[in-house]
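Chain residues, written in single-letter form:
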Amino acid sequence: MNTETHSFMDGKVHLYRREGSHYWQCSTYMNGRNHRVSTKEESLRLAKEFAQEWYMAAYVDTKRRNQRSRVSELLGKFGHEDKPLERSAHQTKTIEKPSGPTFRQAAEKFISEYGIITEGQRNKEWTKAHEMRVKVHLLPFFGDKPLSEISAGLVQEYRMQRHTNGYKGIKPSRSTLHHESVTLR
């Protein structure tokens, strides 16, 4: 059986297409086991984007699961869930709020420049769709967060929030979430 394969992200993610299949599959080895999923994409470029997002989501999910189990172990050994551990005065740290340009500032700049930069290369409806996604979905979630604070984990939280709550009670499709991720990038 012949398969077409590609590896990326330092060999952690593998894309392959089986003989007779139109769709690309992706896989990774994490936490002692293989994980596989179909990208449902025929284009290598789109399949690669899907695979990167899928891998990052799986990675964040695994890290959170491991963190929760470590916290549970510590609570079991040293404290109780209903009674948090007390810290001494010298253990308390002041957490500085990150500064720098906010997502809102970047979004406003993007909206004002995107149509001009892509003039003649992108359809006006495509440009308006980007603007709508920014205003309706991305700004309410990311709003005044500094750009330096936006990470793969926060993007995954956004995707989970969108998938769980939807918009006006309607859950978004996979392609809608993909378009929002493209706009966010």
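Coordinates for the structure precede this section.
Residues numbered from 1 in each chain as written. Predicted model: local features only at pLDDT ≥ 70, side-chain atom pairs only at ≥ 80, totals over all residues. Heavy atoms only, no water.

**Student:** Can you help me understand the nonpolar core in this one?
**Tutor:** Generally speaking, a soluble globular protein has its nonpolar side chains buried in company with each other. Among the nonpolar cores identified, the biggest contains 12 residues, and these are Phe8, Val13, Leu15, Trp24, Cys26, Met30, Ala47, Phe50, Ala51, Trp54, Tyr55 and Ala58. Among the elements of the structure, β2 (13-18), β3 (25-30) and α1 (44-78) are those that each provide at least two residues to this core. For this core, the element with the most residues is α1, which contributes 6 residues. Apart from the residues lying within four places of it in its own chain, the contact partners of tyrosine 55 are Met9, Lys12, Val13, Thr28 and Met30. (Core = buried A, V, L, I, M, F, W, Y, C linked by side-chain atoms within 4.5 Å. Buried < 20%, exposed > 50% of the residue type's maximum accessible area, 1.4 Å probe, protein only. Helix = DSSP H or I, 4+ residues; strand = E, 2+ residues; numbered from the N terminus. Contact = heavy atoms within 4.5 Å.)

**Student:** Teacher, can you tell me more about unusual backbone geometry here?
**Tutor:** With glycine set apart, most residues show a phi of negative sign, and most peptide bonds adopt trans. Phi at methionine 9 is positive, roughly 55 degrees, even though this residue is not glycine. With respect to the secondary-structure elements, methionine 9 resides in the loop between β1 (3-8) and β2. Judged by its relative accessible area of 29%, methionine 9 is partly exposed. Residue aspartate 10 is not a glycine yet carries a positive backbone phi of 55 degrees. Structurally, aspartate 10 can be placed in the loop between β1 and β2.

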